[in-house]
Protein chains: 4
Amino acid sequence: MNRNIRTDLAIELRENYESDSAIEGVDIKTIINEDNSIKTTIIDVLDDNGVNKLGKPVGTYITIECTELNEYDEGIHEPLIKELASQIRTLIKDARSILVAGLGNRSVTPDSLGPLVVDNLMITRHLSIEYQTDNNLIISAICPGVMAQTGIETVEILKGICQNIEVDALIVIDALAARSSKRLNKTIQLTDTGISPGSGVGNNRKMITKDNMELPVVAIGVPTVISVPSLVDDSMDLIADAFNQKYGKEIMKEFTDEQRYDLACSLVEPELVDMFVTPKNIDELVKRISFTISEAINSII
Amino acid sequence: MNRNIRTDLAIELRENYESDSAIEGVDIKTIINEDNSIKTTIIDVLDDNGVNKLGKPVGTYITIECTELNEYDEGIHEPLIKELASQIRTLIKDARSILVAGLGNRSVTPDSLGPLVVDNLMITRHLSIEYQTDNNLIISAICPGVMAQTGIETVEILKGICQNIEVDALIVIDALAARSSKRLNKTIQLTDTGISPGSGVGNNRKMITKDNMELPVVAIGVPTVISVPSLVDDSMDLIADAFNQKYGKEIMKEFTDEQRYDLACSLVEPELVDMFVTPKNIDELVKRISFTISEAINSII
Amino acid sequence: MNRNIRTDLAIELRENYESDSAIEGVDIKTIINEDNSIKTTIIDVLDDNGVNKLGKPVGTYITIECTELNEYDEGIHEPLIKELASQIRTLIKDARSILVAGLGNRSVTPDSLGPLVVDNLMITRHLSIEYQTDNNLIISAICPGVMAQTGIETVEILKGICQNIEVDALIVIDALAARSSKRLNKTIQLTDTGISPGSGVGNNRKMITKDNMELPVVAIGVPTVISVPSLVDDSMDLIADAFNQKYGKEIMKEFTDEQRYDLACSLVEPELVDMFVTPKNIDELVKRISFTISEAINSII
Amino acid sequence: MNRNIRTDLAIELRENYESDSAIEGVDIKTIINEDNSIKTTIIDVLDDNGVNKLGKPVGTYITIECTELNEYDEGIHEPLIKELASQIRTLIKDARSILVAGLGNRSVTPDSLGPLVVDNLMITRHLSIEYQTDNNLIISAICPGVMAQTGIETVEILKGICQNIEVDALIVIDALAARSSKRLNKTIQLTDTGISPGSGVGNNRKMITKDNMELPVVAIGVPTVISVPSLVDDSMDLIADAFNQKYGKEIMKEFTDEQRYDLACSLVEPELVDMFVTPKNIDELVKRISFTISEAINSII
């Protein structure tokens, strides 16, 4: 998989293609709700053709876009929770006992999404053991922390826990990186193909997948940061145009995504490659979006 | 083991006996430092005799008492860290790769000791894998959270992790409950006999021991709370005396520890049994003591 | 005012009197909602007679009791927010620009109620200045911290701010101390007579009142702790009875409240007087109750 | 003052000039410590000439640069604290009672520097009032929060407090914005010319100065973020060079700083102007640097 292009969003990869043409090996479906506020795109990568075209493994990528997700709008809250809950239910299939892992670093605001979701979850596993309750879902949860805090790959922590408690499926929640500011804090991506923890802050750790966890994995991610090279990449066409109005944009088209990204990396100071870009009000945004996700999970318990 | 007597401190159990008489099956050694500020008591419970007498499993219980531990005194800092580091080194023997587990609930101040220690640790495991560093100790760490947050017994989480990474020993750090206010936030107890997570706030979860973890376990605990019945228990002699000056205290001597504790429980409203007692400035105390413990561990890396 | 009796709740003082008799100088009204889940008691201390009887200054004391306040019950949420909002609106009268002060220490869980309320408030003052919005209320807010963190009396901080911005009324929110565990985390008290910050954790700082602030002050408080002497006081009848079944309870009736409290203080170790009692799950309780209060204020903006 | 150039560091402005030439109206002195690890630059803007040249008000700007400030290096700790303490002492002159204001938003990691410094300060004002202690400095402190949390300009909060307690000087601590990544988290700037709160995250609130506070103001700042346009500005020479190797760099020299910055702003999407750039490990960096600053202040009490 090509991590260089610095986006965790399947929907951004799909944009490399003309919007109305079919992509071989990829199935795309779009649902828009009544008042036009929520748009759900379901991308199925079906085979190797699709993998090559999109640079993402075989599986389902559900993107829920909601322009008002990053705004304080009570109205959007209920329908969004409903849509998200319904997509989560689809992906977890008939799993009953679920471990929710809130990935990320609680102390770095844009990376605290996962832990904040877990903070608001209704945890039922211990109650169901003690009182034989009959919830639809039995929820347990963990915030494993990040490598700099634990010295351990997240996948090792989660694997160990799943081997010791009976679990039917794993939901992992993490902050993601987007290529463009347009989708930042406005998009929720769900996938059954796993996740690479910490990609939101530019760290790529060992993947957490159905294969290495030996049970279904549903990843829920929200792009909360842009990497610095992505940002420069983003500005490159405009700058090229500014410096060479005749050929600037044309020249840029000659580059592959990877070449562009390498160029962007070479244009920024080395320290900057390890930095991220995030909005000033990221504390409010992460708080609000994490609440939406926890309420969606709580609503299907 | 008799949990009713509501103390996690071996040294408080030892006080039930005349101070200068030997207890069968128990070996006791006391070391006091030069300026009299730090007193270390090493209690070895040797056999079933000792187990019956002290109500604690076979093993070593090291208690470091430091009157100034709960005061802001720069002077005490260095010698205390040194003494603590030396006792930790003794207990971990020749273990090199160590998982430190910061037990407890970060959101309940007196129970946040464990997580705060982990926050200040120098984590080296991932560095030693990546750069082949040659530290004396390879430190990894985890804050597993508490049952109400995870729905999972802490022992299940730790067992899983230890099975997935190579670890020679486990250090668990937790807040404890004391019987008397005299030792609150002034005592550090180390033991190789394991720990029952959450006892500091009166929850007794499944024990974490060398036997069920299948590797050496060093527990470091600091009493940060008193349970409400312990408190009433504590006041009972005085109250008995107040109401019956002739026989009050005599009558109280007739009771066993367990009978006293049951009496105390019956004297408080049922809700109070699930409450704890802690000092008003517990935030400062826990911050300072956790720093001492993390510095002691960092000093032997 | 007699602070010794260690309750901040007017309703607990009222219990010293036979429940159905009128108290001179005090007017009492009780409202119970349809399904019996919320009980509002309005106590008006009318004159010096009332002050002497109740030991509280002239003014209005509104107590909203809700047995389920400390339980996770979605159903109770809406009617409670509505009742609380309606009582706040009554007390602030026609004030439009309001400063909300979240008193207490964010780092000590039962004392973090005030700061948590402020964290969830919709702040509108800066927006109304910039965009001339026409909200009913213009909300500004401050978390002044506690004396140990600032070295400054809270009243000095609030006075300074109120002198520098145009404000019609001050709402102060703080954790309180109750005498009995029955009302802990189940009661919200509102009063127009001011507040002594930090009483929840047993610190009595300079009062914040209409007189020294020179503007209307509405205090909203929730008892989250019991002081240790109150606890012993509470158990004293039972203990007296246990030790002298013939006269125990009779003897206790001879004491005044103050004498009882002094006795209780003398029965506990001196360190314990500076401690407080709180439930183990105080983190969840404070989070839930603070959310109810912030939503009540947000609903009248 | 020209805020457009997006740096709060006087030393970055000074770099616009040839390094060895004198700037009229500006006095510059550099001190390097023995082992070359700490470099202190004292820039005095003397008159209108200097103001015009440097774009900063008349006053003293002390910059302490320490390459290892952002690394975990015990060795650097002590000399840096000493140097910082000595410069603070110079700037506060003979002030004895000092209010320390930790500006910034505790919930946004790079902006939490100020509150973290205050968390570790030894507060002495209330003790000196109660026990007539004779410290050199009487320290009080406040974390006023940011406009989005309070709805109030920080200057209004601080003014009110200073009017109500006797204070000789105000120390304000805040995160700053740098133009280049080279100085990020490696530089401490002290000045007696005041501060514009929130500039670290790109918000420019009303200045806090000696004039409007009516008492000496010492501002201590550390650059923890770069604004997005600054970043693009930074890359512009390289990009210009890449697209036009003959004239690219030459063309860029034609622009004034303001023109460059405007160009950079026009090259990024509008949303990005309200974003900031910060390193992935900002939580560790801010924790370490805030500790250095609090220890420096504690050392002169």
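Participant: Kindly report on the overall build of chain A, identifying the contributing residues and their values.
Facilitator: The number of helices and strands found in chain A is 12 helices and nine strands. The 301 residues of chain A split such that 59% are buried. Just so you have it, chain A exposes about 12,100 Å², and 46% of that area is on carbon and sulfur atoms.

Participant: Mind laying out the interface of chain C and chain B, listing which residues take part and the relevant values?
Facilitator: Facing the 38 residues of chain C at the interface are 39 residues of chain B. Of the roughly 3,500 Å² buried between chain C and chain B on both sides combined, carbon and sulfur atoms contribute 64%. B:Lys280 is the salt-bridge partner of C:Asp274, the closest N and O atoms lying 3.1 Å from each other. Counting the contacts that link chain C with chain B gives nine residue pairs in polar contact (both at pLDDT 80 or more). Put simply, the parts of the chain that give the side of chain C that touches chain B at least two residues each are helix H9 (228–243), strand S9 (275–279) and helix H12 (282–299) of chain C. Among the elements that line the side of chain C that touches chain B, the one with the most residues is H9(C), at nine residues. Residue classes in the side of chain C that touches chain B are distributed as 21 nonpolar, nine polar and eight charged.

Participant: Kindly report on helix H7 (residues 154–164) of chain C, identifying the contributing residues and their values.
Facilitator: For H7(C), the buried fraction is high: eight of the 11 residues fall into the buried class. If you check which residues of H7(C) are buried, you get C:Thr154, C:Val155, C:Glu156, C:Ile157, C:Leu158, C:Gly160, C:Ile161 and C:Cys162.

Participant: A description of the interface of chain D and chain B should follow, citing residues and the corresponding values.
Facilitator: Interfaces are frequently sized by the accessible area removed from exposure as the parts join. Taken together, the contact pairs five residues of chain D with five residues of chain B. Interface of chain D and chain B: buried area, both sides summed, is about 440 Å²; carbon and sulfur atoms make up 45% of it. The tally of links between chain D and chain B comes to zero salt bridges.

Participant: Any chance you could break down the pairing of strand S3 (residues 59–66) of chain C for me, citing the residues and the numbers?
Facilitator: Residue and element names in this part refer to chain C. Within S3, eight of the eight residues are buried, which leaves the element mostly enclosed by the surrounding structure. Along S3, one buried face is formed by Gly59, Tyr61, Thr63 and Glu65 and the opposite face, lined by Thr60, Ile62, Ile64 and Cys66, is buried too. Where S3 lies against strand S7 (residues 187–191), five bridges are found, and the strand directions are antiparallel. Residue pairing across strands places Tyr61 opposite Thr191, the latter belonging to S7.

Participant: Could you give an account of the relation of the copies chain C and chain B, with specific residues and numbers?
Facilitator: The two chain copies are related to each other by a rotation about an axis together with a translation along it. Its rotation angle being 180 degrees, the transformation that places chain C on chain B also includes 0.0 Å of axial translation and leaves an RMSD of 0.1 Å. In symmetry terms, the pair is related by a two-fold rotation axis. Of the C-alpha atoms belonging to chain C, the one lying closest to the rotation axis is found on C:Val277, 2.2 Å away. Residue by residue, 100% of the interface of chain C is reproduced at the interface of chain B, so both copies engage with the same surface.

Participant: Could you give me a rundown of the confidence of the model for chain A, with the residues and numbers involved?
Facilitator: All names here are of chain A. Chain-level statistics for chain A give a pLDDT mean of 86 and a share of 89% at 70 or above. Within chain A, the lowest mean pLDDT, 71, falls on helix H10 (residues 248–253), and the highest, 98, falls on helix H4 (residues 113–119). In the model, residues 1–5 has pLDDT below 50 throughout and makes 16 contacts with residues more than four positions away in sequence or in other chains. The ipTM, which scores confidence in the relative placement of chains, is 0.89 for this predicted complex, and the corresponding pTM is 0.92.

Participant: Go over the environment of D:Val26, please, and point to the residues and values.
Facilitator: Residues and elements named next belong to chain D. Tracing the backbone shows Val26 in strand S1 (residues 26–32). Classification of Val26 by relative accessible area gives buried; the value is 11%. Each residue touching Val26, except ones within four places of it in the same chain, is listed here: Ile43, Asp44, Leu46 and Gly50.

Participant: Account for unusual backbone geometry, with residues named and values stated.
Facilitator: One non-glycine residue, A:Lys93, lies in positive phi territory at about 55 degrees. Among the structural elements, A:Lys93 can be located in the loop between helix H3 (74–92) and strand S4 (97–102). Here B:Asn185, not a glycine, exhibits a phi torsion of approximately 60 degrees, which is positive. Residue placement: B:Asn185 occurs in the loop between strand S6 (169–178) and strand S7 (187–191). What makes B:Asn185 buried here is its relative accessible area of 1%.

Participant: How would you explain the relation of the copies chain D and chain B if you had to name every residue and give the values?
Facilitator: With an axial shift of 0.0 Å and an RMSD of 0.0 Å, the rotation relating chain D to chain B amounts to 180 degrees. A shared interface surface links the copies, since 100% of the contact residues of chain D are contact residues in chain B too.

Participant: Explain the pattern of salt bridges residue by residue, including any values.
Facilitator: If you walk through the whole model with that rule in mind, you get 24 salt bridges over all chains. A salt bridge links A:Asp119 to A:Arg106; its shortest N-O distance comes to 2.9 Å. Residue A:Asp119 is found in helix H4, and its partner A:Arg106 is found in the loop between S4 and H4; the two are separated by 13 residues along the sequence. Here D:Arg125 ties to C:Glu156 by a salt bridge, and the two come within 3.7 Å at their closest N and O atoms.

Participant: Any chance you could break down the packing of H7(C) against helix H7 (residues 154–164) of chain D for me, citing the residues and the numbers?
Facilitator: Packed helices, taken two at a time, are described by their axes: the angle between them and the distance between them. Relative to each other, H7(C) and H7(D) sit at 120 degrees, their axes nearing to 7 Å. Accordingly, the angle class assigned to the pair H7(C) and H7(D) is oblique. Of the two possible hands of crossing, H7(C) and H7(D) adopt the one that is right-handed. In this structure, H7(C) uses C:Glu156, C:Ile157, C:Lys159, C:Gly160, C:Ile161, C:Gln163 and C:Asn164 to contact H7(D), whose residues at the interface are D:Glu156, D:Ile157, D:Lys159, D:Gly160, D:Ile161, D:Gln163 and D:Asn164. Classifying every residue of the contact of H7(C) with H7(D) by side-chain character gives four nonpolar, six polar and four charged.

Participant: If you had to explain the pairing of strand S5 (residues 138–142) of chain C to someone new, which residues and values would you point to?
Facilitator: For a regular strand, side chains alternate in direction, first toward one face of the sheet and then toward the other. All names here are of chain C. A large share of S5 lies buried, amounting to five of its five residues. Judged by which residues are buried, S5 turns out to be covered on both faces: Ile138, Ser140 and Ile142 on one side and Ile139 and Ala141 on the other are all buried. Bridging between strand S4 (residues 97–102) and S5 involves five bridges; their strand directions are parallel. By the bridge assignment for S5, Ser97 is matched with Ile138.

Conventions we followed
- Within any chain, residue numbers begin from 1 and follow the written order of that chain's sequence.
- Both sets of labels track the order of writing: A upward for chains, 1 upward for ligands.
- In view of the model being predicted, local features appear only for residues whose pLDDT reaches at least 70, and side-chain atom pairs are presented and counted only at 80 or more, with totals across whole chains, interfaces and linings using the full set of residues.
- Only hydrogens and water are removed before side-chain values are computed, so all heavy atoms of the structure are retained for them.
- Helix numbering and strand numbering both begin at the N terminus, where a helix is a DSSP run of H or I of at least 4 residues and a strand a DSSP run of E of at least 2.
- Relative accessibility under 20% of the residue-type maximum defines a buried residue, over 50% an exposed one, and the middle range a partly exposed one, all with a 1.4 Å probe and only protein chains included.
- Each accessible area value is a Shrake-Rupley result obtained with a 1.4 Å probe; residue values ignore everything except the protein chains displayed when judging cover.
- Contacts are assigned to residue pairs with any non-hydrogen atoms lying within 4.5 Å of each other.
- Put simply, buried area is how much 1.4 Å-probe accessible surface two parts lose in total, over both of them, once they are put together.
- Any Lys or Arg side-chain nitrogen located within 4 Å of an Asp or Glu carboxyl oxygen qualifies as a salt bridge.
- In protein, a polar contact requires one atom able to donate a hydrogen and another able to accept it; more generally it is a pair of N or O atoms within 3.5 Å, and residues adjacent in sequence count only if both atoms are side-chain atoms.
- The nonpolar class holds Ala, Val, Leu, Ile, Met, Phe, Trp, Tyr, Cys and Pro. Asp, Glu, Lys and Arg form the charged class, and all remaining residues, Gly among them, are polar.
- In this analysis, strands are considered paired if DSSP registers two or more bridges between them.
- Only residues with pLDDT of at least 70 in both copies contribute their C-alpha atoms to the least-squares superposition of the copies.
- Residue-level confidence of the predictor is summarised by pLDDT, bounded by 0 at the bottom and 100 at the top.
- Every axis corresponds to a line fitted to the C-alpha atoms, with the helix fit spanning only the stretch in contact, and the corresponding angles, defined between N-to-C directions, vary from 0 to 180 degrees.
- The labels follow the angle: roughly parallel below 35 degrees, roughly antiparallel above 145, roughly perpendicular from 65 to 115, and oblique for the rest.
- Here a crossing is called left-handed whenever its near helix is offset anticlockwise from the far helix by less than a right angle, and right-handed whenever the offset is clockwise.

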